[in-house]
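# Topology and contacts: notes
Listed below are the residues making up each chain.
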Amino acid sequence: MKKTSADVLPVEGGFGNEPLLAVDNLHVEFHTRQGTVRAVNGVSYTVSAGETLAVLGESGSGKSVTAQAIMGILDVPPAVIPKGEIRFKGTDLLKLTEEARTQVRGQRVAMIFQDALSALNPVFTVGWQISEMFRVHRGMSKADAMKKAVELMDRVRIPAARQRVNDYPHQFSGGMRQRIMIAMSIALDPEVLIADEPTTALDVTVQAQIMELLAELQRESQMGLILITHDLGVVADVADKIAVMYAGRIVENAPVHDIYKGPAHPYTKGLLDSIPRVDLKGQDLYAIKGLPPNLLDLPTGCAFHPRCPYRQDNCVTDHPPLHEISGTRGSACHYWREVLDD
Ligand code: SF4
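All values derive from a computational prediction rather than experimental measurement. The residue numbers shown here count from 1 along each chain, following its written sequence. Totals for whole chains, interfaces and linings use all residues, but because this is a predicted model, local features are given only for residues with pLDDT of at least 70 and pairs of side-chain atoms are given and counted only at 80 or more. Hydrogens are left out, water is left out, and the side-chain values use all remaining heavy atoms of the structure.

### A word on the sheet that holds strand β6 (residues 109-112)
Cut-off, in case you're wondering: Strands qualify as paired when DSSP identifies two bridges or more between them. The helix and strand labels rest on DSSP assignments: H or I over at least four residues marks a helix, E over at least two residues marks a strand, and numbering proceeds from the N terminus. In this analysis, axes come from line fits to C-alpha atoms, helices being fitted only over the stretch in contact, and the angle between any two N-to-C directions falls in the range 0 to 180 degrees.
Strand order in the open sheet made by the eight strands is β6-β7-β8-β3-β9-β10-β12-β11, with mixed pairing throughout. Across the chains shown, the open sheet's two edge strands, defined by having one partner strand only, are β6 and β11 (323-326). Adjacent strand axes in the sheet meet at a mean angle of 20° when their direction is disregarded. The pairing of strand β7 (residues 192-196) with strand β8 (residues 224-229) spans five bridges and is classified as parallel. Directly across from V192, in β8, lies its bridge partner G224.

Now the structure itself:
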């Protein structure tokens, strides 16, 4: 098939004032027998080189589906992208052929999945799995690719990498397996790395080590990092800015320090209040009331209204747009001023 100009990504620096990655008014639907699941409803965010964006929300908020759309790994059908753009260096990835998309995936934009044990193949050694990236994408010999695998294992701080390169995934701890996944994701020097709940399955001390490792790798290579999480506690030290998602929409976006100083959306406030605090020992833990909405049948008006302590009558009928609070901050709440002043 003849290639179009959209198949060729622009060269370094050829994307003007565009951020490295821009998701613009993205919609993703799943057409099921029960009806249309509106998983992503007009999401926009950007990430620049060397910047970390944390995308936050409960399960079903659309954060992982947005990431899968960026990677081009959604099953189409049942998934459909009826609207929106995903621009990488100014080129809309959604307009690329599958062949061109494959060139971007893993090499320019890579992803770390949350469950390292199921993402790694149990019947191949970790060295084989890491070195395959170099054999397939860089055409390296088996010996050279294995040497690179050892280097990468060293880089993600796996002790005795040279001895352990021929071990199988089950011979590593959960934290070490996640390091192997990180090694595979950065093998081809991607410019954007998406980490989908990279620490969920790990205990707290290992979580901190993995977050530190990601921050360090990002500093070294100036990648744009998109960190997907449901836990506001893990992003404070590593993120530059936060996008909070609810029912497939961004309900608040802001530089990280603004959010911690004072949230401007009741849902963000609920997430912050749910973080356990040592100074409140003995008191009941706060939990946001109710459950996330059914995406087959979203509530009218503001999708958060059935759970919102700030709800007024108009919240049930009027959908709140993302109000601009400042040049870098927005809130999709009619009463964001009250929340901010609280
Ligand atoms: Fe709550 Fe209304 Fe704001 Fe929605 S618009 S978050 S229901 S106060």
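### Observations concerning the nonpolar core
Definition in use: We define a nonpolar core as any set of buried Ala, Val, Leu, Ile, Met, Phe, Trp, Tyr and Cys residues linked to one another through side-chain atoms lying within 4.5 Å. When accessible area is computed with a 1.4 Å probe and restricted to protein chains, residues below 20% of their type maximum are described as buried, those above 50% as exposed, and intermediate ones as partly exposed. We call two residues in contact when some of their heavy atoms are within 4.5 Å.
Core analysis: the largest hydrophobic core is formed by 105 residues, its most contacted members being Y45, I70, I130, I194, I226, V235 and I242. Not counting the four nearest positions on each side in its chain, I70 is found in contact with L21, V23, Y45, I86, L93, R101, V109, I194 and I226.

### Topic: the confidence of the model for the protein chain
Any segment with low pLDDT has predicted coordinates that should not be analysed in fine detail. Convention followed: Note on scores: pLDDT gives the predictor's confidence for each residue, bounded by 0 and 100.
Predicted confidence across the protein chain gives a mean pLDDT of 87, with 92% of residues reaching 70 or more. Here helix α3 (residues 116-119) stands out as the element of the protein chain with the lowest mean pLDDT, 72, in contrast to strand β9 (residues 241-246), whose mean of 96 is the highest. When the criterion is pLDDT under 50, residues 1-8 qualifies, and its contacts beyond four places in sequence or with other chains add up to eight contacts. In this model, residues 10-14 is a region of pLDDT below 50 whose contacts with residues beyond four sequence positions or in other chains number four contacts.

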